[in-house]
Amino acid sequence: MDKSLIPFFEPEGIALVGASHDPSKLGYTLAHNLVRSGYQGAVHYVNPKGGELFGQPIHQAATEIPDPVDLAVLLIPAPFVPDALRDCGKRGIPAAIIASGGFRETGEQGAALEEECLRIAKEFGMRLIGPNCIGLIDTHLPLDTTFLSTPAPNAGDIALISHSGAVCAAVIDWSKGQGFGLSRLLSLGNQVDVCETDVLEAVAADPNTKALTLYIESLRNGRHFVTKAKEVTKHKPIVALKVGRFERSQQAAASHTGALAGEEFAYDAAFERCGVIRADTMEQLFDWAKALAWCPPIKGRGVAVLTNSGGPGVIASDAIEANDLYLADFSPETNNQLEQLMPSAASIHNPVDMLAGATPELFASALECLLSDEAVHSCIVIMPPPPVSSAGAVARALIPIIQASDKPVVLVLMGHPMIQEAVEYFRDVQIPEYRFPEKAASALSKLAQRADYLESTDEQTPFPKGIDRDAAAKLLAKQSDGFLSTDVAQELIACYGIQIPGLSLATSVTEALEGGESLGYPLALKVASEEIVHKSDVGGVRINIQDAQELQLAYEEILANCARLQPNAKVQGVWVQQMAPSGHELILGSVQDAQFGPLAMFGSGGVEVEGLGDVAFGLAPLTTNDVSRLLEDTWAGRKLAGYRNIPEANRTAVEDALVRIGQLASDFPELAEIEINPLIATAFEAIAIDVRVRLDRQS
């Protein structure tokens, strides 16, 4: 852990600047919370009016505070914060939480005030959390530096790091009704200094924290976050809710790659790389965190369903399949045991329906039987209100079986008042319970996702052979910003060992015929114009040209079509290109993301790439795991193995081209967009047919 952050998490003494006698003021509430939390260190109050509060003297300035003090909490009007912060610096306080609002979130004047605070902090070597935050809570230290009027959260093992103070306040109250407690809670506010990446390691190091949850609106340094998060997720799970996902950049993108790449694709790729599990809702955030914190590791995706009602069992079956899990096939021994246990009308096949009259003893015996089957990796127990025994009695019978097992078991308690006793029993012993099967299956799928991540040890980043980086650098040094000409773009990717067909530029029919004779038929012709992005849309492409007569007609048609449909476009001529063999049409590309740097893209290519949307992204340079995921996550990649009348393609050649495009984007950040569309993959090779590259040294 960064030693400069220790005062936030292990303070020896705290100074509250802005303490108040008035119970209606936040300065009073914060002081009360600090005392109420049971914090064992020194507490000092600061207010120019002086006096006494909770039996302690109120100092008129931070410079008057006696030892020990290593953390200041400032809750005063924004204009007074810089002077108070300077006093803290003079006193030698190394860390401060600025809880006050009125900074960058209010406009330019507030932003200037915030920058002044940062300058003062740097002058004195201080670390800052905030401003515009509610501070932090540690339920085990204990410590509460917030000004919230709600009771403190119950002590627990789930940590929350949040950009929003309001989200923190809501979660504190909501968690009490949901049966989980918090270990640490951090509200980071405007993050003028300390950000979510800085505190990840410190929060994860807390022995009382078993799972971390994040509410984030953006990341200051995406690559740094990935590095730090990857270190944490090796030992503890992280579940993140990234909001603002539909606010994508409005900048014009001239390539398919640029148009398809958005902030959310980048976050997905980043989280995939570092093992962060991404939630779509607040409920998912904590539904999944509970399972990750409380359940033993899962060893596979085979799920057994045990219920006293058929309908919920069918719902669970659908949810299991929808979450990339499967219903376990029981062994003959398990089926025999179930047959002996169950009434004759019961269903002993997965999902197991014990019928409505199932007793607590039958629930327990059946669950024990299922958990002993090697094909069962986890279990969902579903219980609508039992008509005979109480839900509480069933819970008491199940708990010892669940606690003795090394396999995850989650409960679905359907109803409300009649199952509440069981709810409390399971919560008391930290066994995850949900109201509906869909949530239970979703939680188990995240256990499986984490298990897959931890088992994935192949983190090599292959460096492809045959790359001439120096030649690529010399080539780019001669180019101006903007889209490179087709021949230069092809020469660039050839420097990185990506196969290209023969190409020549014709500015007349004679040159086209000469190019055709040199390259050999069949040929393809494409209009040479950087201003015509989608050449097919304006009749600027002709393929499978078999002889000189066809070539001459095609040349003239292309120029006529472009003159008619896009008359203002500057046309240099027509590209004469060797005709590629038929095969899989793929798209490979890269784009530079503002947060995460180069992203590589792979998917289905051709003219319908944006309509199909069959693409996936990964952080470049790509690891072997990334390459495998990009192919498995897309239909384009999966069908390389062949499908019905679609022949098999050379997957290795495609993987190699993908690695090379990622390496090129990583080596030259000034390459804002690279796109190969299509890349033709055959049984023998992968050939880049159409290449577009945009250079932007200002980005």
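In case you missed it, the structure is sitting above this.
It should be emphasised that the depicted structure is a prediction, and the values quoted were computed from it without experimental measurement.

Considerations on the packing of aromatic side chains
Note on aromatic pairs: each is described by the distance of the centres and the angle between the planes. The full count for this structure, using the stated rule, is 10 aromatic pairs. Between Y267 and F596 the ring centres are 5.0 Å apart and the planes differ by 85°, which places this aromatic pair in the edge-to-face class. With Y267 in helix 9 (residues 263-274) and F596 in the loop between strand 26 (584-593) and strand 27 (597-604), this residue pair connects regions lying 329 residues apart in the sequence. The two residues Y267 and F596 agree in class, both being buried. These aromatic residues form a ring-pair network of at least three members: F225, Y267, F271 and F596. Directly above the ring of Y267 sits K242, whose terminal nitrogen or CZ lies 4.8 Å from the centroid. One residue, K446, lies across the ring of W288, its end atom 4.5 Å from the ring centre.

Details of the sheet that holds strand 14 (residues 277-279)
Spatially, 9-8-11-10-12-13-14 is the arrangement adopted by the 7 strands of the open sheet, whose pairing is mixed. Single-partner strands in this sheet number two, and they are strand 9 (143-144) and strand 14. By the bridge criterion, 5 bridges tie strand 10 (residues 155-162) to strand 11 (residues 182-187) in an arrangement that is parallel. Considered in strand 11, the bridge of I161 is made with L186.

Side note on the packing of helix 22 (residues 624-632) against helix 24 (residues 651-667)
Between helix 22 and helix 24, the least distance of the axes is 10 Å, while the angle of their chain directions is 120°. In the packing of helix 22 onto helix 24, the handedness of the crossing is right-handed. Judged by residue contacts, V627, S628, L630, L631 and E632 of helix 22 engage R651, E655, L658 and V659 from helix 24. Classifying every residue of the contact of helix 22 with helix 24 gives 5 nonpolar, 1 polar and 3 charged.

A few points about the sheet that holds strand 4 (residues 56-59)
Strand order in the open sheet formed by 7 strands is 3-4-2-1-5-6-7, with mixed pairing between adjacent strands. The outermost strands of the open sheet, each flanked by one partner alone, are strand 3 (52-53) and strand 7 (127-129). Note that strand 1 (residues 13-17) and strand 2 (residues 42-46) share 5 bridges and pair parallel. Each residue of the ladder has a partner; that of G13, found in strand 2, is A42. Packing of helix 2 (residues 26-36) onto the sheet brings it into contact with strand 1, strand 2, strand 3 and strand 5 (71-74), and relative to strand 1 it is tilted by some 165°.

Scoring rules and cut-offs
- Residues numbered from 1 in each chain as written.
- Predicted model: local features only at pLDDT ≥ 70, side-chain atom pairs only at ≥ 80, totals over all residues.
- Heavy atoms only, no water.
- Phe/Tyr/Trp six-rings, centres within 6.5 Å; stacked < 30°, edge-to-face > 60°.
- Helix = DSSP H or I, 4+ residues; strand = E, 2+ residues; numbered from the N terminus.
- Buried < 20%, exposed > 50% of the residue type's maximum accessible area, 1.4 Å probe, protein only.
- Lys NZ or Arg CZ within 6 Å of the ring centre and 35° of its normal.
- Pairing = 2+ DSSP bridges.
- Axes fitted to C-alpha atoms, helices over the stretch in contact; angles between N-to-C directions.
- Left-handed = near helix turned anticlockwise from the far one by under 90°.
- Contact = heavy atoms within 4.5 Å.
- Nonpolar A, V, L, I, M, F, W, Y, C, P; charged D, E, K, R; others polar.

None of this, on its own, says anything about what the molecule does.
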